[in-house]
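Spelled out from the first residue to the last, the chains are:
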Amino acid sequence: MKNVMQTGLGIMLTIAGLCGQAIAQNKALVNTSASPYAKLSSIDMGNVTWTEGFWADRFQVCRDSMIPNLWKVYTDANVSHSYKNFEIAAGLDTGSHAGPPFHDGDFYKLFEAVASMYSINHDPKLDALMGRTIAVIAKAQRADGYIHTPTIIAERQDPKKAKAFADRLNFETYNLGHLMTAGCVHYRATGKRTLLNIAIRATDYLYNFYKTASPELARNAICPSHYMGVVEMYRTTRNPKYLELSKNLIDIRGLMQNGTDDNQDRIPFRKQTKAMGHAVRANYLFAGAADVYAETGDTTLLHTLNLMWNDVVNRKMYITGGCGALYDGVSPDGTSYDPNEVQKVHQAYGRDYQLPNFTAHNETCANIGNVLWNWRMLQATADAKYADVMELALYNSVLSGISLNGKNFLYTNPLSFSDELPFQQRWSKDRVGYIKLSNCCPPNVVRTIAEVSDYAYSVSDQGLYFNLYGGNVLNTTLEDGSTLKLAQETAYPWDGRVSIRFEKAPAKSYSLFLRIPGWCAGATLLVNGKPMSVTLAAGSYAEVNRKWKTGDRVELNLPMPVKLMEANPLVEEIRNQVAVKRGPVVYCIESADLPQNQKIFNIAIPAQANFTTESIRIENTEIMSLTAKADVNNKTNWNNTLYREVSNADKKQVNIRLIPYFAWGNRGHVDMETWLPLNR
């Protein structure tokens, strides 16, 4: 729980919020500075600048390629009708709505990426671009605050046929949620209220709608991004009715007669015991519930969140942090023996330990939802286990959703792929520039990369928390008004050595909380060249408290040997197989790195394999590969063969190279495997 000073600040802000004014306050991406039940707060957007290494490279690609390219896509009506829909809804053009109903939300996510980028580089061209765009969005909004371009365009054409919230699959609240988040981020990045005012009117509309709608219609929402959005609006404006709305959204979920596991509303949230159904909707719901907990301290929410986290992490999450095993299926929880009552699920969590590889869905948005959820759990609890999962997903199943050059995207993220599969899956396994039927993932991954710096550190009244390591400069103002400036030098995640130098130190004693990742054993810590007698336990934050001075240096070493990982034997598809992991990075093998005519199916990893690190470049990006000798199993032709006798033929060895999973598919069309047979 926050200290009395922070709680008092929250009360003052609430009083000010009653006047309907946004408060100049903490400018964090997710602002828990006045959240009474959050143990950690974020630093302000723009306080961290990537300077070298992995995230500096990804941020540069985001600035120079990801955002400009995707903005061009979204404003080219011949490719994506997203921005054109706003122009038509605003009366600036004629025509009909085109694209999926969640197109508005996709555009808001891209806008948020631009605002987040502006918070760091303060490029006046981005500011002008956002200003022009906001003017169009404002004209598209109805006088009562409602904004959803499919309905507004239809209303222009025939008012009798257009009705707000008439179709639960119309994604209105999803779109509104991303508008709210974008409005808050833009306000914190620029100090301008232009988009925030639009979001305020939209949130007021939603509040009034829930006050007057029938119970059935009020529960008519899909993919709950608005849970996070409404809470962030409360944090920005301190308007108490937004907190009231956020609590009501949780309370009414699961009370409708036609609820489904697919939409996370078959049973009330507080009665859920298993993660089920659509993985994006689940993870967004969990993230939103964590936000509500941070403001209310409702332990019934935290109880369910703990159950969901244990279920996902220990039984349903891929080794890459990916979520959602199933393309399509039947809910294991919302079923009966009556065929008429069986519930269909899609893009969903499956049963415990149901983790296929070739047919893994793992939508990029679900994996990002895993980051959003664990980030909020970390802020609420200060427990390093949430940072471990957040880091795992970021380095693996989130980054795999975008090409290294920042221009092409995956909707799903399988752990294996081969052209020998006798069927074609729904979504391309080669990254594409625009995912026509569902382009929600590209702007989501772009905004995430633009915002990784906001996840790097947290603060409390005790000290500074190091959540993610990377070469950067942190320049921030602490709660007591003192300045803290640090320079971090590291080649992480390719090297576990982290050097931290104080450039400006607070006058009083202050703690650094250094995360020791759960995968790390044997960490060491030096301060000004001398060992420190502090506990460096894996999966925890190591506290170093002292009166710091300018020039002090902290050196943390996190050994990262190559490890062979095995799965619970109940994960039947990968029994007797291993994945290769080094630090937070999961590795895979591609056919591009095998001798000609050699198949990935023939490769097996010896239990005593000796891996060597080797830096290579793919798509002008430096990555750390692993080389070793592997066994080549019998190459018997499997055409029209389902089973055969095991061969005792002598096995040969071949040189192999593994690359990080997130980098697969960047050298043309390839076969790929993450889990490989183990030869003991």
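For the structure, see preceding data.
Quick notes on the rules
Residues numbered from 1 in each chain as written. Predicted model: local features only at pLDDT ≥ 70, side-chain atom pairs only at ≥ 80, totals over all residues. Heavy atoms only, no water. Phe/Tyr/Trp six-rings, centres within 6.5 Å; stacked < 30°, edge-to-face > 60°. Helix = DSSP H or I, 4+ residues; strand = E, 2+ residues; numbered from the N terminus. Buried < 20%, exposed > 50% of the residue type's maximum accessible area, 1.4 Å probe, protein only. Lys NZ or Arg CZ within 6 Å of the ring centre and 35° of its normal. Salt bridge = Lys/Arg side-chain N within 4 Å of Asp/Glu carboxyl O. Expected span 1.5 Å × (residues − 1). Pairing = 2+ DSSP bridges. Contact = heavy atoms within 4.5 Å. Axes fitted to C-alpha atoms, helices over the stretch in contact; angles between N-to-C directions.

Enquirer: Account for the packing of aromatic side chains, naming residues and giving values.
Expert: With the rule as written, the count across this model stands at 30 aromatic pairs. Where tyrosine 465 meets tyrosine 541, the ring centres are 5.0 Å apart and the plane angle is 75°; that geometry is what we call edge-to-face. Note that tyrosine 465 is positioned in strand E8 (residues 463-466) and tyrosine 541 in strand E15 (residues 540-546), a separation of 76 residues in sequence. Assigned by exposure class, tyrosine 465 and tyrosine 541 land together as buried. Site record: aromatic cluster; members linked through ring pairs are Trp50, Phe54, Trp55, Tyr395, Tyr457, Phe466, Tyr469, Tyr492, Trp494 and Phe662. Above the face of the tyrosine 234 ring, arginine 238 is positioned so that its terminal group lies 4.5 Å from the ring centre. The residue whose ring lies beneath arginine 546 is tryptophan 548, and the NZ or CZ to ring-centre distance is 5.3 Å.

Enquirer: Tell me about the pattern of salt bridges, residues and numbers included.
Expert: Enumeration according to the criterion identifies 38 salt bridges in this entry. Aspartate 352 serves as the salt-bridge partner of arginine 315, at 3.7 Å between the closest nitrogen and oxygen. In this pair, arginine 315 is assigned in helix H13 (residues 299-316) and aspartate 352 in the loop between strand E5 (344-349) and helix H14 (364-381), connecting sequence segments 37 residues apart. On the basis of relative accessibility, which here comes to 25%, the residue arginine 315 falls in the partly exposed class. For the salt bridge of aspartate 352 with lysine 316, the shortest nitrogen-to-oxygen distance reads 3.6 Å. With aspartate 352 in the loop between E5 and H14 and lysine 316 in helix H13, the pair connects residues that are 36 residues apart, well separated along the chain. Salt bridges linked by common partners bring Arg188, Glu232, Arg235, Asp291, Glu295 and Arg376 together as one network.

Enquirer: I'd like a rundown of helix H12 (residues 279-296), residues and numbers included.
Expert: The first and last C-alpha atoms of H12 sit 25 Å apart over 18 residues, in line with the 26 Å expected at 1.5 Å per residue. Of all 18 residues in H12, 17 are buried, a share of seventy percent or more. Phi turns positive, to about 70°, at glycine 297, one or two residues after H12.

Enquirer: Lay out the sheet that holds strand E3 (residues 277-278) in plain terms, naming residues and giving numbers.
Expert: The 3 strands lie next to each other as E3-E5-E4, forming an open sheet whose pairing is antiparallel. Both outer strands of the open sheet, E3 and strand E4 (326-330), are each paired with one neighbouring strand and no more. Relative to E5, E3 runs antiparallel, the two sharing 2 bridges. Paired with glycine 277 across the bridge in E5 is tyrosine 349. Across the face of the sheet, H12 comes into contact with E3 and E5 while running at roughly 60° to E5.

This is a description of form; function is not addressed.
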